[in-house]
Amino acid sequence: MRLQPQCLQLDSVLQTVSVLEAVIRRSFGPDGGQVLFTRDTGQTLLTRHGTRILTALRVEHPLARMVVECVRRHSSVTGDGSKTFVLLLASLLREIQKHTRKARQEGAGAKRLAGALLDFGLDELSDVITVGVAPHGSSLSDPHTPGQTDTHTLCRLLSAFLHTRISPTHAEIISRLTCELLSHWSCHGDFINEHFPALHTAVSGFPIGCSRLLEGQVIHADFSTPLPLCDHGPIRALAVTEPLEPSLLIGGTVLEVGGANRGIESVCVRLGRGLDSVCVILQHLGVSLLLSSVRQSEAVLAAVGRYGVCVLECVCEDDLTLFSVISGALPVSDWAVIGQEHVATVTFCRPLVLGAHRFVNVGFPKTEDRGRPHSLVVCGLTEGQTEQSVCAVRDALHMLHTTWGPKHRTRATERMARADVMEPCCVISVGGTFEFLLHHTLLQRKHGHTHSVTHRHTHTPSHTSTHTLSHTDTHTPSHTGTHTLSNADTHTLSHLDDPTVSEMLAEALLSVPRQIYSHNPRRYLEAHAHTLSCIRNHGIFPDPPEMSAVLAADGSNMVQADTGSGSMFGSGVKEMSVWSSSGSSSGVESVSCKYQLILAVLQCLRSLLSVDTVLHANSSHTLAHTCQREEEEEDDD
């Protein structure tokens, strides 16, 4: 096998990532368009989903494949940020290139900076976001009902998320249906995320406006018996995973018969009696619906039909699992033991026709813990459009799972046992608000670190060990620590003496809002200035008792501040909002997803810059050369 080594330089890595960046830029942000892919088979793919775009490219370069795989893994977990991932990665590579050229250490310097960035992300990023970003956001939890989700904020979060995946018209319909689905399930997002394959049905050939919610569960199978059930309930059902009729030919078993006819007849009689006894048990339990994951024999269908039992055959594992979880009944795997714990109660059972398919719709009684179960029917004119909408909903559920996830504790937080960790359910306005705030906070950290070093060299050691000045003002009141990083925090948390890491990450973050406002650069300047104005206003008026307004970029888009019931860190913390490129500031995005995104980018950056050489194995040439040599040897013989 011939190996062709290729030494990698920082420029080549950046060039590879820049090619991917150029592709996804066209569909980035609220003003981004859709990308049309055509395949050799004649099929077309029209999408805005970053992961689908990158995977459809079928890249061959090994570094590009590494980036696409990192994006795919991150998107499969959080469902969010594939396009921002590539933008931020390319921007960080440019920042590293700029700093290494100044130091004239492109090879070792790039690896060192990538490692320092990853260490900073793992050790300190969560604390920086908690102090500098989260106070300007709001909570997804309902301030009036502890433990419940604020429906209005949830709809804003889903709408903003889906607008980056599908067209605006489709996003409004899917967002509304997803919010209704979560409300019917009492906002059990984790449960819906886990059982989503059984909770949705994709129907092609109909406009997306035909999408709707159906009460109960859709069983993706049809009746196998000609006897339909009554529409009214209650109906007692049984889920089985084994054939009702025992098999004559079981592996390792020998069947002995005494005579040619009498033995076979006696065996058939015994089997018939066993089948009748099972049917009698079903009748005694009042079972009139049988859900089977396997195909039953004709004898079984005829026998249970005489007892008035309807059968659904070949029910998929996802549907049977969801049915058992909702009903609380255990599926039967051994016919020798059938009890009341295996019997479920459904409120209705009726046939359902969706397009060219026939299904069965069953309903369940309402419960306090899960509400009233509903299923989602997603329609689309083509299979690709329907699949795209389904993927958008699934990604939205992944995003909600990350948003509702546990608190983020870094290694530095655990060492110092600090309580101000990043809270879950924190959301912040779209339009670059997160990036602007984190950019400002990181620059504060950089200047604060420099000021702390100067202060340490100009004062006695005993004094500096007990007191550290804030970099903004030596007489700043203590309440301003809610919105700015003090040197006490940064000096205690920091394990790096070089403030270059904070500066690099801060500058790279601005690539995201620059691309959001790329169609109107003036909006970018206004939004950035508006963010700084809001930060100053928060510092001057830390705890206003009355409702106030946050000044928008043009002075007309006023956003009322929260009185404190729904804030993340007590009263008086206002949710800051800036314009999106399309002029809407109503959407929000998850702070936890943003944090996970930055960590994933830093890990991918470290992996890319740790590669020194790529070996290209020309296996096809070797195989052809081997075949040619064998043919020559045969000719010589």
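Looking at an unreviewed UniProt entry, one finds the protein named Bardet-Biedl syndrome 10 protein isoform X1 and attributed to Salvelinus namaycush. In its Sequence similarities (unreviewed entry) section, the UniProt entry covering the protein states "Belongs to the TCP-1 chaperonin family."

Asks: Just checking my understanding: could you explain the overall build of the protein for this structure?
Replies: Counting its regular elements, the protein contains 23 helices and 19 strands. Residues classed as buried in the protein amount to 50% of the 637 residues present. For the protein, the computed accessible surface area is about 29900 Å², with 53% contributed by carbon and sulfur atoms.

Asks: Explain the sheet that holds strand 8 (residues 235–240) to me, please; I cannot follow it from the model alone.
Replies: Strand pairing within a sheet occurs via backbone hydrogen bonds; the two strands may be parallel or antiparallel. Read from one edge to the other, the open sheet built from four strands follows the order 10-9-8-11, with strand pairing classed as mixed. Two strands bound the open sheet, and with one partner strand each, they are strand 10 (310–312) and strand 11 (343–346). Looking at each pair of strands side by side, their axes are set apart by 30° on average, direction ignored. Along the sheet face, helix 13 (residues 317–327) touches strand 8, strand 9 (287–292) and strand 11 and points at about 135° away from the line of strand 8.

Asks: Explain the pairing of strand 12 (residues 348–354) to me, please; I cannot follow it from the model alone.
Replies: Sheet faces and side chains relate simply in a regular strand, where the side chains alternate between the two faces. Bridge analysis of strand 12 against strand 13 (residues 357–363) gives seven bridges, and the strand direction is antiparallel. Residue pairing in the sheet places Arg350 in a bridge with Asn361 of strand 13. The turn linking strand 12 back onto strand 13 is made up of two residues, and Gly355 within it adopts a positive phi angle of 65°.

Asks: Just to check I follow, could you spell out the environment of Gln340 for this structure?
Replies: On the secondary structure map, Gln340 appears in the loop between helix 13 and strand 11. Between the alpha carbons of Gln340 and Leu285 there is a distance of 7.3 Å; along the sequence they are 55 residues apart. Excluding residues within four positions of it along the chain, Gln340 makes contact with Arg236 and Leu285. Within the local environment of Gln340, its side chain forms a polar contact with the side chain of Arg236, the two groups lying 2.6 Å apart.

Asks: Got a minute to help me understand the packing of helix 1 (residues 10–24) against helix 3 (residues 62–78) in this structure?
Replies: A pair of packed helices is characterised by two quantities: the angle between their axes and the separation of those axes. In contact at an axis separation of 9 Å, helix 1 and helix 3 are set at 55° when each is read in the N-to-C sense. As summarised for this structure, helix 1 and helix 3 are arranged oblique, according to the angle between their axes. Of the two elements, helix 1 crosses helix 3, and the hand of that crossing is right-handed. Across from Val13, Thr16, Val17 and Leu20 in helix 1, the residues of helix 3 making contact are Leu63, Ala64, Val67 and Val68.

Asks: Teacher, can you tell me more about helix 8 (residues 168–184) here?
Replies: Compared with an ideal rise of 1.5 Å per residue, which puts 17 residues at 24 Å, helix 8 spans 24 Å between its outermost C-alpha atoms and is within 8% of the ideal. Among all positions in helix 8, only His170, Ala171, Ile173, Ile174, Ser175, Leu177, Thr178, Cys179, Leu181 and Leu182 are buried. In the segment just after helix 8, Ser186 is the residue with positive phi, at about 60°.

Asks: Quick question: what am I supposed to make of the packing of aromatic side chains here?
Replies: The description of two aromatic rings rests on the distance between their centres and on the angle between their planes. Summed over the entire model, instances satisfying the criterion amount to three aromatic pairs. For the ring pair Phe436 and Tyr524, a centre distance of 5.8 Å and an interplane angle of 50° mean the geometry is tilted. With Phe436 in helix 16 (residues 433–458) and Tyr524 in helix 21 (residues 521–540), this residue pair connects regions lying 88 residues apart in the sequence. Classification of Phe436 by relative accessible area gives buried; the value is 1%. Here Tyr524 falls in the buried class, since its relative accessible area comes to 12%. In this structure, Arg350 packs its charged tip against the face of Phe348, placed 3.9 Å from the ring centre.

What counts and how
- Residues numbered from 1 in each chain as written.
- Predicted model: local features only at pLDDT ≥ 70, side-chain atom pairs only at ≥ 80, totals over all residues.
- Heavy atoms only, no water.
- UniProt positions renumbered as here; feature names shortened; annotations may be inferred.
- Helix = DSSP H or I, 4+ residues; strand = E, 2+ residues; numbered from the N terminus.
- Buried < 20%, exposed > 50% of the residue type's maximum accessible area, 1.4 Å probe, protein only.
- Areas by Shrake-Rupley, 256 points an atom, 1.4 Å probe, with all protein chains shown as cover.
- Pairing = 2+ DSSP bridges.
- Axes fitted to C-alpha atoms, helices over the stretch in contact; angles between N-to-C directions.
- Contact = heavy atoms within 4.5 Å.
- Polar contact = N/O pair within 3.5 Å; in protein donor to acceptor, adjacent residues only side chain to side chain.
- Parallel < 35°, antiparallel > 145°, perpendicular 65-115°, else oblique.
- Left-handed = near helix turned anticlockwise from the far one by under 90°.
- Expected span 1.5 Å × (residues − 1).
- Phe/Tyr/Trp six-rings, centres within 6.5 Å; stacked < 30°, edge-to-face > 60°.
- Lys NZ or Arg CZ within 6 Å of the ring centre and 35° of its normal.

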